[in-house]
Amino acid sequence: MREITFSQATLEAMDEEMTRDERVFVMGEDIARQGGIFGQFKGLPDKFGKDRVKDTPISETAIVGAAIGAALTGMRPVADMHFADFMGVCMDEIFNQMAKIHYMFGGQRSVPMVLRAPDGLINQAAAQHSQSIEAWFMHIPGLKVVIPSNPADAKGLLKSAIRDDSPVIYFEHKALFNTRGAVPDGEVLSPIGKAKVAREGSDVTLVSYSHCMGLSLKAADILAGEDVSVECIDLRTISPIDKETILASVAKTTRLVIAHEAVKQGGVGAEISAIVAEEGIDFLDAPIVRVGAPFTPVPFARPLEQAYRVTPEKIAEAIRGLF
Amino acid sequence: MSAKKVKEKKGLNKYPRTLLEQFYRTMLTIRSFDKKVEEKFLAGEIPGFVHLYIGEEAIAAGVISNLSREDYIQSTHRGHGHTIAKGADLKRMMAEIFGKKEGYCKGKGGSMHIADLSIGMLGANGVVGGGFNIATGAALATKMQGKNNVSVVFFGDGASNRGTFHEAANMAAVWDLPVLFVCENNQYASTTPYMTTTSVENIADRAAGYGMPGVIVDGNDIFAVYEESQKLIDRARRGEGPSLLECKTYRVKGHYVGDPERYRTKEEVDKVCESNDPIDRFECTVLDGKLFSREELDAIKASAGKEVEKALEFARNAEEPEISELFAGVYA
């Protein structure tokens, strides 16, 4: 199968969906003339014009608000958040308007739009350009939150998000943009709300997603050399969360570890732990363990950032503690 | 560019009688509807929060008389007037305010979240300043779709201090979007008087900062509101971009029903009610001009009141939503 980068995969998704449906357009800061600060929009304006690939003012509130208005009146906007960290600027638009309009107006009109949110640690970008904030959004009814870990799902989830009638937040880890992976030719659609067993195993279930998924697979490789068989689940969607896949795996392996780059406190791992504690406690032969960042802002200096990061070795060490 | 002031216009011969009747009926329907809502809220029949549009009727009625069904409006927490003027069904509105299944939002929105997307009413909004950018987006869609509809966003003087106003004004102006920003300057941002929280004498002065026209009208003069908004709406339809109309008015009721109103005197309010009521002023003008007789006006008033009574009966008798509705519609 052909291999392309994560960034190219998102570009293919945009290209195909904008070709398929003329209601789809994209707007954000630095996306038309610059092609996106990570190059993820390169070439799109040449093909679709600067009306459908729009450079905006540095006005996150206006970007998301306008996308909502356009979505309510017949368009299917994609809005780029530049850095996920900047979603704080437009939170009212996200959680009081975009997320609630369909429900609050009695289902009169859906809000079919996608927020693309580049997140995560890269290049020592420090406290305001490095965060993983996906857990905030799983606390808000009405939003779908997807978070691919590889090029195939980057393409498949973005296409599914654009076709979804509910608002979808699409987190794309900045350190993944240049990674390569197999992507099939032709139509690639990944289901929203469905996790994937990325690696089968029998001794412990390791749930992860996004960039940390690759670290988790490396941890599984390390442990395979120690005769520990790790089943890796790629969550792919944070909300609505795929409980069935997680519970079925824990029923089989009897142990659960969750690993993510975001801070551990109040994270996705906390929700998964609670779900398994409530609905699958009898499956467990060991305590649930979470691996995440410490409860600090993202630091700048290299050794500090390195200490902050989740690594394959930290994940492997957490799993060793269960046996 | 600086905001220009427009004086009250005379010369009513150019107004078709049907339009004058529409002005009057719309203002009376709003007045009667909100008086009924106030009464039933105070009687404990209506839950939640309600904000009344009483005294500001000329703005919704005057501006929206220039719009078609396909044009968009975006409203506020004080939204009943805009919704009625856009042609919404009073029964479904009242049922929503009562939290009933037959309401516009199936009883899941309430007074602050009434919307009717089928008539271009994009929604009231519980967040002050929450609607600016949604209206801008609707105007963007209109432009991309090659239509010549306009998007009108109503907001209060308080909302003009939200960043959302400034971001929307800039985006609408830089993209020449067909948006009309209609400020209802009712002198109070919730409980704080205008000049204690706002850096400019007129909200319309802020339009210059975004390279768009800013016009001031007497918001209690429906003729002035109608004529000035028409010019700005026509301008937007011609593709000449957004503008801002500031309607000077006064909030004769509290911020919400039940507001103890410690921040002003009863005399201040009474003075406006006695001398500057938009409905009284309309009546005086058309009676003076011998365009309508007192009997004709009374007949319109009675018929508007009757429609509101019917809406109330409908809402009272409507069913409560089933519990299954709680879980419906989280996702589309």
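Residues numbered from 1 in each chain as written. Chains lettered and ligands numbered in written order. Predicted model: local features only at pLDDT ≥ 70, side-chain atom pairs only at ≥ 80, totals over all residues.

**Here we look at the overall build of chain B**
Phase 1 of the analysis: In terms of helices and strands, chain B carries 11 helices and eight strands.
Phase 2 of the analysis: Relative to the 2.2 N^0.38 estimate, which gives 20 Å for 332 residues, the radius of gyration of chain B is 19 Å and therefore close to what a compact globule would have.
Phase 3 of the analysis: Judged by the C-alpha coordinates and their principal axes, chain B covers about 55 × 55 × 40 Å.
Phase 4 of the analysis: Residues counted as buried form 54% of the 332 residues belonging to chain B.
Phase 5 of the analysis: Counting only contacts in chain B whose residues sit at least 6 apart along the sequence, the fraction spanning at least 24 positions is 76%. (Helix = DSSP H or I, 4+ residues; strand = E, 2+ residues; numbered from the N terminus. Rg over C-alpha atoms; globule rule 2.2 N^0.38 Å. Buried ≥ 20, exposed ≤ 12 C-beta atoms within 10 Å, placed from the backbone. Contact = placed C-beta atoms within 7 Å.)

**Examining the packing of helix α3 (residues 60-72) of chain A against helix α4 (residues 91-98) of chain A**
All names here are of chain A.
Phase 1 of the analysis: Their axes nearest at 8 Å, the elements α3 and α4 cross at an angle of 25°. As far as their axial angle goes, α4 and α3 are roughly parallel. Here Thr61, Val64, Gly65 and Ile68 of α3 come into contact with α4, specifically with Glu93, Ile94, Gln97 and Met98.
Phase 2 of the analysis: The class makeup of the residues in the contact of α3 with α4 is four nonpolar, three polar and one charged. (Axes fitted to C-alpha atoms, helices over the stretch in contact; angles between N-to-C directions. Parallel < 35°, antiparallel > 145°, perpendicular 65-115°, else oblique. Nonpolar A, V, L, I, M, F, W, Y, C, P; charged D, E, K, R; others polar.)

**Looking at the environment of Phe86(A)**
Residue and element names in this part refer to chain A.
Phase 1 of the analysis: For Phe86, the location among the structural elements is in the loop between β4 (76-80) and α4.
Phase 2 of the analysis: For Phe86, a count of 17 C-beta atoms within 10 Å corresponds to the partly exposed category.
Phase 3 of the analysis: As for Phe86 and Gln128, which are separated by 42 residues in sequence, their C-alpha atoms are 8.2 Å apart.
Phase 4 of the analysis: Discounting chain neighbours no more than four positions away, the residues touching Phe86 are Glu60 and Met81.

**Things to note about the interface of chain A and chain B**
Phase 1 of the analysis: With 34 residues of chain A at the contact, the number on the chain B side is 35 residues.
Phase 2 of the analysis: Of all elements in the fold, only α3, α4 and α5 (101-104) of chain A reach the threshold of two or more residues within the side of chain A that touches chain B.
Phase 3 of the analysis: Of the residues forming the side of chain A that touches chain B, the biggest block, nine residues, is contributed by α3(A).
Phase 4 of the analysis: Among the residues forming the side of chain A that touches chain B, the class breakdown is 13 nonpolar, 15 polar and six charged.

**Comments concerning the sheet that holds strand β7 (residues 168-173) of chain A**
Residue and element names in this part refer to chain A.
Phase 1 of the analysis: With mixed pairing, the seven strands of this open sheet are ordered in space as β3-β2-β4-β5-β7-β6-β12. With partners counted over all chains shown, the strands left at the sheet margins are β3 (53-55) and β12 (237-239), one partner each. With strand direction ignored, the average angle separating the axes of adjacent strands in the sheet is 20°.
Phase 2 of the analysis: Here strand β5 (residues 114-119) pairs with β7 via six bridges, running parallel. If you follow Arg116 over to β7, its bridge partner there is Tyr170. (Pairing = 2+ DSSP bridges.)

**Structural notes on the nonpolar core**
Phase 1 of the analysis: Ranked by size, the top nonpolar core spans 197 residues in total, and within it Tyr170(A), Ile319(A), Met27(B), Val152(B), Leu180(B) and Val182(B) carry the most contacts.
Phase 2 of the analysis: If you tally residues by element for this core, the top one is α3(A), at nine residues.
Phase 3 of the analysis: If near-sequence neighbours (up to four positions away) are discounted, Tyr170(A) is found in contact with Val114(A), Leu115(A), Arg116(A), Ala117(A), Val146(A), Leu157(A), Leu158(A) and Ala161(A). (Core = buried A, V, L, I, M, F, W, Y, C linked by C-beta atoms within 7 Å.)

**Let's talk about the domain arrangement of chain A**
Residues and elements named next belong to chain A.
Phase 1 of the analysis: Partitioning chain A into domains gives domain 1 (3-182) and domain 2 (196-320).
Phase 2 of the analysis: Look at where the C-alpha atoms of domain 1 and domain 2 centre, and you get two points 26 Å apart.
Phase 3 of the analysis: Sorting the residues of the side of domain 1 that touches domain 2 by element identifies α6 (134-137), β6 (144-146), α7 (151-163) and β7 as the ones contributing at least two each. (Domains from an automatic or database assignment.)

**Describing the sheet that holds strand β13 (residues 256-263) of chain A**
Residue and element names in this part refer to chain A.
Phase 1 of the analysis: Pairing within the open sheet is mixed, and its five strands lie in the order β9-β11-β10-β13-β14. Two strands close off the open sheet at either side, each with one partner strand: β9 (196-199) and β14 (289-293). Across the sheet, the mean angle separating the axes of adjacent strands is 25° when strand polarity is ignored.
Phase 2 of the analysis: Relative to strand β11 (residues 230-234), strand β10 (residues 204-208) runs parallel, the two sharing five bridges.

**Focus: the confidence of the model for chain B**
Phase 1 of the analysis: Here chain B averages 96 in pLDDT, and 97% of its residues register 70 or above.
Phase 2 of the analysis: Both scores are given for the predicted complex: the pTM is 0.97, the ipTM 0.96. (pLDDT = per-residue confidence, 0-100.)

**Notes on unusual backbone geometry**
All names here are of chain A.
Phase 1 of the analysis: Between Ser239 and the following residue, Pro240, the backbone shows a cis peptide bond with an omega angle of 0°.
Phase 2 of the analysis: Of note, Pro240 is situated in the loop between β12 and α9 (243-253).
Phase 3 of the analysis: The phi torsion at Ser210 lies on the positive side, around 60°, for a residue other than glycine.
Phase 4 of the analysis: Its place among the elements puts Ser210 in the loop between β10 and α8 (211-224).
Phase 5 of the analysis: We classify Ser210 as buried; it has 28 C-beta atoms within 10 Å.

**A word on the pairing of β7(A)**
All names here are of chain A.
Phase 1 of the analysis: The buried count for β7 comes to six of six residues, which makes it a mostly enclosed element.
Phase 2 of the analysis: Taking every second residue as pointing to the same face, both faces of β7 are buried, with Val168, Tyr170 and Glu172 on one and Ile169, Phe171 and His173 on the other.
Phase 3 of the analysis: Looking at chain direction, β6 and β7 are connected through three bridges and run parallel. If you follow Val146 over to β7, its bridge partner there is Tyr170.
Phase 4 of the analysis: For the crossover from β6 across α7 to β7, the handedness is right-handed. (Right-handed = clockwise from strand over helix to strand, strands pointing away.)

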